[in-house]
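Inside the fold
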Amino acid sequence: MSPAQHRRRRWDKGESRPKKRKGAGRRTTVHDLPEHVFEQILFRLGPYSPYLVRAAATCRRWFRVVADAGFLARLATTTHAGDYRTIDGCSVFIPSSPLDDDGRRRFSLDFLPDSESWGLADSRDSLLLLSKKESAYESCSLEHNYDSCRCCDVVVCDPLRARYQVIPWPPGEDRSECIGMFLADGGNGHPSSMSSFKIIVVFQQTVVSAYTTGIDSVWHSIHEEFPDDPESITGDFFVGRANGSLYWGLEEDITMVIVLDEATWTLSLARLPWGLSSDKTARIIGGQDGMLRVVRLIGKNLYVFAQTRLGCNGDNREWVLEKWLCLSKATVGLPGRDESLLKQKIVIIRANDEYILLSLSDGTWAFTVELDTMRVESEHPRNKYTGKVYPYVLPWPPVLSDLSKEQYAVVRRHKCDRK
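These remarks concern the structure in this document.

About the cut-offs
- Residues numbered from 1 in each chain as written.
- Predicted model: local features only at pLDDT ≥ 70, side-chain atom pairs only at ≥ 80, totals over all residues.
- Heavy atoms only, no water.
- Core = buried A, V, L, I, M, F, W, Y, C linked by side-chain atoms within 4.5 Å.
- Buried < 20%, exposed > 50% of the residue type's maximum accessible area, 1.4 Å probe, protein only.
- Helix = DSSP H or I, 4+ residues; strand = E, 2+ residues; numbered from the N terminus.
- Contact = heavy atoms within 4.5 Å.
- Phe/Tyr/Trp six-rings, centres within 6.5 Å; stacked < 30°, edge-to-face > 60°.
- Lys NZ or Arg CZ within 6 Å of the ring centre and 35° of its normal.
- Pairing = 2+ DSSP bridges.
- Axes fitted to C-alpha atoms, helices over the stretch in contact; angles between N-to-C directions.

Remarks on the nonpolar core
L302, L327, I346, L358, F367 and V369 are the most contacted members of the largest nonpolar core, which has 20 residues in total. Of all the secondary structure elements, the ones that give two or more residues to this core are β16 (293-298), β17 (301-310), β19 (346-351), β20 (355-360) and β21 (366-370). In terms of residue count, the dominant contributor to this core is β20 (three residues). In this structure, L327 is in contact with L297, K300, L302, I346, L358, F367 and V369, ignoring residues within four places of it in sequence. Listed in part, the 19 residues of the second largest apolar core include C152, V156, I167 and Y211.

Shown next, in the form of structure tokens:
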């Protein structure tokens with residue numbers, strides 16, 4: 001009699017069957033994790049971890065999670081590497097998280113020719129726009145020899161890849177009349193890169209020059225004429241950049257703003273229901289909800305106005321007061337606050353869709369107002385620097401040239417397996 005037949009015979013006589021040990025069933029694996037828990041695990045790997053690439057190449061489910069548009073969008077928010085600032089005349093990178101010496105060298109601008117002669121002008125995604133410092137073209141300004149001299153050139157660079165492109169100054173335009181240089185998307189729907197970017201240069205006499213990469217990589221200039229024909233735009237009255245447009249105030253009519261569309265680089269006029277006296281007391285900002293907002297500082301009160309859409313199609317728009325804050329009361333108890341100091345004028349230093357940085361007129365004390373909650377704080381590291389900042393965002397999604405050889409091999413194997 002076989003062992004199996006013997007056991008069945010014993011059970012038929014009334015003997016009890018052996019109890020199964022607890023947990024002897026199917027083993028629990030990572031595939032049993034709920035989708036949202038598994039996403040959180042992958043999210044903690046970070047956007048540039050080689051393990052994220054390996055996870056995507058493991059199986060179809062893991063690849064589907066990593067390649068999901070929503071997952072990539074959330075992961076892209078972690079790619080802000082830090083800010084470039086001008087400190088003591090030098091361009092310095094301030095990382096958003098601590099870096100070692102090797103990490104800091106990767107964001108250095110030493111690869112630029114005559115690197116100390118360039119000054120920061122703008123940033124866009126993973127690119128920087130720099131122009132020659134004022135001392136470099138003072139001699140050209142006296143001789144008005146802009147076309148033949150290279151002292152007015154601009155440069156676009158990608159610090160992480162140590163790549164750059166020097167671009168001659170717009171022909172026939174006076175460098176001393178330039179009021180702003182800006183980087184914009186190349187127009188293909190993708191983030192800016194060395195193969196796809198646009199430079200917009202604005203001059204006082206309502207002249208705009210634009211340089212776009214591509215087959216026809218040359219400067220194009222236009223001159224806008226308005227019904228009221230403002231004589232000029234003043235560079236110190238630039239009030240903001242929001243939702244794909246640039247805004248300047250007019251000294252002749254403080255209720256009017258000049259709007260520059262970055263996509264078409266055309267100028268237009270728009271009227272506000274109140275006046276913008278200067279960039280120290282008013283800023284125009286955008287938001288993730290696509291709404292246009294105006295931050296106004298009147299005395300010791302901070303007001304935030306939003307442009308809401310009315311009607312079925314949202315064609316009609318109206319400005320409404322969204323939030324306001326009494327700074328004299330909101331700053332009570334903050335470190336460094338002195339009642340005598342608040343007798344000074346408060347000015348706006350920076351404003352974006354996340355926070356508003358304000359300081360006393362002499363710059364002795366700065367504090368931040370969070371735009372969502374209107375919470376006031378004065379000890380955040382960003383309050384220590386009251387100059388202009390140029391955010392640097394790591395390129396995302398990463399291209400294959402950014403991957404190591406090991407990562408590239410994993411991606412290639414995964415593509416072959418899917419065929």
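Focus on the packing of aromatic side chains
Tallying each qualifying case throughout the model produces 16 aromatic pairs. Ring centres of Y84 and F93 lie 4.9 Å apart, and the angle between their planes is 50 degrees; on these two criteria the pair is classed as tilted. Each member of the pair, Y84 as well as F93, is classed as buried. Seen from the ring of W118, K132 lies directly overhead, with NZ or CZ sitting 4.2 Å from the centre.

So, the environment of I258
With respect to the element layout, I258 can be found in strand β13 (residues 256-261). In this structure I258 comes out as buried when scored by relative accessible area, which is 0%.

Thoughts on the sheet that holds strand β2 (residues 90-95)
In space, the three strands of this open sheet follow the order β2-β1-β23, with antiparallel pairing throughout. Either end of the sheet is taken by a strand with one partner, and the two such strands are β2 and β23 (389-393). The average angle at which neighbouring strand axes cross in this sheet is 30 degrees, direction not considered.

Describing unusual backbone geometry
The backbone of D125 shows a phi angle near 55 degrees, a positive value even though the residue is not glycine. Structurally, D125 can be placed in the loop between β3 (118-124) and β4 (127-132). With a phi close to 60 degrees, M374 is a non-glycine residue in the positive phi region. Relative to the helices and strands, M374 resides in the loop between β21 and β22 (376-377). The exposure class of M374 is buried, given its relative accessible area of 12%.

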